[in-house]
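As a plain string of letters, each chain reads:
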Amino acid sequence: MANILIFDSGMGGLSVYREVRRSLPTHQYFYLFDNACFPYGELGETRLVERVLELLTNFVPKHDIDIVVIACNTASTHVLPALRERLHIPVVGVVPAIKPAAEYCRLHGFTHIGLLATPGTVSRSYTAELVQSFAADMQVSMLGTTELVKMAEDKLAGLPVDMTRLARVLAPWRSDDGPSALVLGCTHFPLLAQELSQCLPGVKLVDSGQAIARRVASLLLQAPAAEAGDEQGVFGHVYCTELTAKAQAQSGAFLGEGFAGLKTFVI
């Protein structure tokens, strides 16, 4: 049994966790969300790298983690090289699912892909390189928003999704010439899949969850599992970095996924 850590600044990593656990149900899971610095898209690159390194180089050895999943597109873009230098276990990041979206469109004779992501992901050269590599023959329109990140967080805290507000964000694509496939380029966005489909009926939603699950499974076959600590008997553990009222409200979502009660991890 491996100890698998899902890490994000907020709750978006739950969408990744669900896919990984569906493929690997017998392992023990840890979820750490850095709500004290949420959202990461508003941190400078230097501060972001420092923060993630500080957290994970302390958390990983303390809990005998075997593999880390950085379930945040923003953090994955900046932190992976430095983190892999400091940790001696596999580290998996996430990238926008441009390739499978392009494959879906070609298979069905479509030509328009939408990328819904945070403004940072939309503007990065890495994203442009993905488009050039896998969807150069497609029309790829991009929409950067942080509103949906906060809407997903509020949804998991038990608040209703403001469909009028969501429709306003998606207005550029709510027409006959809108995208046929929509890449959810932030791990928070699959948590709004039902609402997104209501606003964009008939559009195929594509995310990275299944690809991440396959990658984690492959790496676990290559790396021996560490000895589990004294928390082995519990299925899953969830930690925040600041015990706020909102975090406590959101903890109900983790209980529904089989995690134990919310704890705080402070360096």
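Since the structure is predicted, the reported quantities are computational estimates derived from the model, not experimental observations. (Residues numbered from 1 in each chain as written. Predicted model: local features only at pLDDT ≥ 70, side-chain atom pairs only at ≥ 80, totals over all residues. Heavy atoms only, no water.)

**Some words on the nonpolar core**
- With 51 residues, the main nonpolar core has Ile4, Leu14, Leu116, Leu148, Leu170 and Val216 as its most contacted residues.
- Not counting chain neighbours up to four residues away, the residues in contact with Leu148 comprise Leu116, Leu166, Val169, Phe189, Leu192 and Leu196.
- Formed by 26 residues, the second largest nonpolar core is a distinct cluster that contains Leu32, Leu55, Phe59 and Val79. (Core = buried A, V, L, I, M, F, W, Y, C linked by side-chain atoms within 4.5 Å. Buried < 20%, exposed > 50% of the residue type's maximum accessible area, 1.4 Å probe, protein only. Contact = heavy atoms within 4.5 Å.)

**A closer look at the environment of Tyr31**
- Along the chain, the position of Tyr31 falls in strand S2 (residues 28-33).
- Relative accessible area serves as the criterion here: at 0%, Tyr31 is assigned to the buried category.
- Within the structure, Tyr31 has its side chain in polar contact with the backbone oxygen of Met11 (distance 3.4 Å). (Helix = DSSP H or I, 4+ residues; strand = E, 2+ residues; numbered from the N terminus. Polar contact = N/O pair within 3.5 Å; in protein donor to acceptor, adjacent residues only side chain to side chain.)

**Description of the sheet that holds strand S4 (residues 91-92)**
- Reading across the sheet, the six strands line up as S4-S3-S1-S2-S9-S10 and stay open at both edges, with parallel pairing between neighbours. Two strands in the sheet have a free side with no partner beyond their single neighbour: S4 and strand S10 (263-264).
- In terms of strand pairing, strand S1 (residues 3-8) meets strand S3 (residues 67-70) through four bridges, oriented parallel. Pairing of Ile6 across the sheet is with Val69, part of S3.
- Along the sheet, helix H1 (residues 13-23) makes contact with S1, S2 and S3, crossing S2 at roughly 170°.
- Packing against the sheet, helix H2 (residues 45-62) makes contact with S1, S2, S3 and strand S9 (236-240), and its axis sits at approximately 160° to S1. (Pairing = 2+ DSSP bridges. Axes fitted to C-alpha atoms, helices over the stretch in contact; angles between N-to-C directions.)

**Concerning the packing of aromatic side chains**
- Summed over all chains, the structure comprises eleven aromatic pairs.
- For the pair Tyr17 and Tyr29, a centre-to-centre distance of 5.2 Å together with 85° between the ring planes defines the contact as edge-to-face. Residue Tyr17 is located in helix H1, and its partner Tyr29 is located in strand S2; the two are separated by twelve residues in the primary sequence. With respect to class, Tyr17 is no different from Tyr29; both count as buried.
- Judged by centre distance (5.5 Å) and plane angle (90°), the ring pair of Phe254 and Phe259 falls under edge-to-face. With respect to burial, Phe254 and Phe259 carry one shared label: buried.
- An aromatic cluster is present here, built from Tyr17, Tyr29, Tyr31, Phe33, Phe254 and Phe259 joined pairwise through their rings. (Phe/Tyr/Trp six-rings, centres within 6.5 Å; stacked < 30°, edge-to-face > 60°.)

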